[in-house]
Amino acid sequence: YFQDRGVPSFEEGLPGDRSDTVCVQGIPTAWMAAPGTRLPTLSCPPKFQEKVDRSDFICKKLSQSFGKFGAVKRVDIVENGSDLAAGNFSSFGPSSPQSTFDGYIQYEEYSSFCAAMAGLRGMKLVRRNKGEPELALAITVNFDKTSHMSDRSVRKRRKELDKLYDLEMEAKEKARAAAEAENRRQEERLQQEKKQREEEELKKREKAAAEAERLKRLKDEKRREQEERRREDRNRRRTKKEAQKRQRQAEKEAEKEKQLLLEQRRREAESLLKQLFVMASAQREFEIQREHEEEAKRERERREEQARKERERREEEARKERVRREEELKRQREAEEAARQREAEQVLKKRDSLLEQVKSMEDRRRELQRNLLKRKLASERALLQASQSANR
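Described in the following lines is the structure provided in the data block. For every chain, the first residue of the written sequence is number 1, and numbering continues from 1 along that sequence. With the structure being a predicted model, the display of local features is reserved for residues of pLDDT at least 70 and the display and counting of side-chain atom pairs for 80 or more, all residues being used for whole-chain, interface and lining totals. The basis for every side-chain value is the complete set of non-hydrogen atoms in the structure, without hydrogens or water.

Things to note about the overall build of the chain
Move 1: Secondary structure elements follow DSSP: runs of H or I no shorter than four residues count as helices, runs of E no shorter than two count as strands, and numbering proceeds from the N terminus. For the chain, the helix and strand inventory stands at six helices and seven strands.
Move 2: Mapped in sequence order, the helices and strands of the chain form the string β-α-α-α-β-β-β-α-β-β-β-α-α.
Move 3: With a 1.4 Å probe rolled over the protein chains alone, any residue whose accessible area is under 20% of its type maximum counts as buried; one over 50% counts as exposed, and the rest are partly exposed. A total of 392 residues make up the chain; the buried ones form 20% of that total.
Move 4: Here a residue-residue contact requires only that any non-hydrogen atoms of the pair lie within 4.5 Å. Across the chain, the fraction of contacts at a sequence separation of at least 24, relative to all contacts at a separation of at least 6, is 74%.

Focus: the nonpolar core
Move 1: Buried residues of nine kinds, namely Ala, Val, Leu, Ile, Met, Phe, Trp, Tyr and Cys, make up a nonpolar core once their side-chain atoms join them within 4.5 Å. Val22, Val24, Leu62, Phe66, Phe101 and Tyr107 are the most contacted members of the largest nonpolar core, which totals 22 residues.
Move 2: Within the residue set of this core, elements represented by two or more residues are β1 (21–28), α1 (29–32), α3 (56–66), β2 (72–83), β4 (99–107), α4 (110–120) and β6 (135–138).
Move 3: In this structure, Phe66 is in contact with Val24, Val72, Ile105, Tyr107 and Leu120, ignoring residues within four places of it in sequence.

Regarding a positive patch on the surface
Move 1: Taken together, the side chains of Lys222, Arg229, Arg230, Arg234, Arg237, Arg238 and Lys241 present a region of like positive charge at the surface.
Move 2: Relative to the helices and strands, Arg229 resides in helix α5 (residues 151–349).
Move 3: Overall, Arg229 belongs to the partly exposed group, its relative accessible area being 47%. Each patch is built from residues that are more than 30% exposed by relative accessible area and take part in no salt bridge. Like charges join if they lie within 9 Å; nonpolar side chains (Val, Leu, Ile, Met, Phe, Trp, Tyr) join within 5 Å. To measure how exposed things are, a 1.4 Å probe is used in the Shrake-Rupley method; for residues, cover is taken only from the protein chains shown. Any carboxyl oxygen of Asp or Glu that lies within 4 Å of a side-chain nitrogen of Lys or Arg is treated as forming a salt bridge with it. Residues counted as positive are Lys and Arg, residues counted as negative are Asp and Glu, and His and the chain ends are not counted. By convention, the charge on Lys lies at NZ, on Arg at CZ, on Asp at CG and on Glu at CD.

Things to note about α3
Move 1: Listed as buried for α3 are Ile58, Cys59, Leu62 and Phe66. Down the axis, α3 shows its buried residues gathered within 100 degrees of arc, on one side only. Among the exposed residues of α3, those pointing more than 90 degrees away from its buried face are Lys60 and Gln64. This arc describes the spread of directions from the helix axis toward the C-beta atoms.

Focus on α4
Move 1: Within α4, burial applies to Ser112, Phe113, Ala116, Met117 and Leu120. End-on, the buried residues of α4 take up no more than an arc of 135 degrees, which puts them together on one face.
Move 2: Where α4 ends, the next residue or the one after it, Gly122, has phi of about 75 degrees, a positive value.

Side note on the layout of surface pockets
Move 1: Each cavity reported here is a set of points on a 1 Å grid over the protein atoms alone in which a 1.4 Å probe fits but cannot get out, each pocket an open set with protein on both sides within 12 Å along at least five of seven lines, and each lining residue one with an atom within 4 Å of a point. Grid points are joined across faces, edges and corners, and a volume is the space filled by probe spheres set on the points. Its volume calculated, the largest pocket comes out at about 390 Å³.
Move 2: Lining the largest pocket are 18 residues; nearest its centre among them are Met32, Ser65, Phe66, Leu125 and Val126.
Move 3: For the lining of the largest pocket, the elements supplying multiple residues, two or more each, are α1, α3, α4 and β5 (124–127).
Move 4: Put simply, Ala, Val, Leu, Ile, Met, Phe, Trp, Tyr, Cys and Pro go in the nonpolar bin, Asp, Glu, Lys and Arg in the charged bin, and everything else, Gly too, in the polar bin. Looking at the lining of the largest pocket, its residues break down into eleven nonpolar, three polar and four charged.

Some points on unusual backbone geometry
Move 1: The phi torsion at Ser147 lies on the positive side, around 55 degrees, for a residue other than glycine.
Move 2: Looking at Ser147, the relative accessible area reads 2%, which means it is buried.

A short note on the pairing of β4
Move 1: With respect to burial, β4 is a largely interior element, eight of its nine residues being buried.
Move 2: The pairing criterion is simple: DSSP has to find at least two bridges between the two strands. Bridge analysis of β1 against β4 gives six bridges, and the strand direction is antiparallel. Across the sheet, the residue bridging to Val24 is Gly103, located in β4.

Here we look at the environment of Ser19
Move 1: Turning to its location among the elements, Ser19 is positioned in the segment before β1.
Move 2: For the pair Ser19 and Tyr107, spaced 88 residues apart in sequence, the C-alpha to C-alpha distance is 9.3 Å.

Examining the pattern of salt bridges
Move 1: Applying the stated rule across the entire model yields 32 salt bridges.
Move 2: We note a salt bridge from Glu317 to Arg313, for which the minimum N-O separation is 2.6 Å. Separated by four residues within a single helix, Glu317 and Arg313 lie in helix α5, roughly one turn from each other.
Move 3: Taking the relative accessible area as the measure of exposure, Glu317 reaches 43% and is therefore partly exposed.
Move 4: Of the residues examined, Arg313 reaches a relative accessible area of 38% and is grouped as partly exposed.

Here you go:
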């Protein structure tokens, strides 16, 4: 087939024109992606990259599935938009017609292409999901005869998609311009309505101002009349207040004389009470002072008794401590003497060659013991002197 088209061998042909691409037809869309997912091709221009990203995982799954035959150079998918034929679909459970797409798998090596063609001949595509029935589908496997994956076909599809994109952008621009024009018309209409409302509002404010001026004049006249009546009322109240004031003044003078008499009697009573309070306070202070003196005397006696008991307790503790230390020192001396005797007996049993060394070690040990004994005796004397000082 390829020799009839002028391609003498795989090595001399261009990628896509030679026998290096396997075409798998009738792959269910729902097996690879959610129903309704758009399936753009790898030849889609970068302007549609956001749509390509949604089906990249389909290309990756095809590359992983068919990559066991060899290294895959490029994968492309094309949606068919038609349902499966009833005789071409079998299952181990319930099923329904689905949309399909064709997958183009281009291999880098001719041997991989041959292995894929041989391995896929007469095979079925099986779907296995946990918890769902298994589905089997007969697929059509053939080599690409349309140069779908050739560089010129890819460039051609890119140009067509660019044109579609430009037409789509042009339509969007026209729609945006129409929307802007409609918005401008709406704004102009709103401006006119706003201007009419402002004119009506101005007329209403002018009418309200005239009515307010008329009401103000009526209010001023009414206010003047009220002020005149209030002035007359004030004069009458002033005359009445003066008469009441003179009457209150006379009553105040009589009350003042009465208060002076009561104040004089109150001062006399306070003077008498103060004298009684002074006498009672002096008596109370004398009794309190006598109680304080008795309390102080009892406190001194209690403290002297406590000091005497504490002094006796300390003397008894010091005596017991001296006796304990003397007994401990006596036991220590006896233990040291017994240890020296045992060591002397052991030294005599050793070899004659070590006699001088043992003697010198014995001398050093005895010197250390004497120093230790002196330090202990000195510490005991110091403790005894401190105890005597505390007792005194």
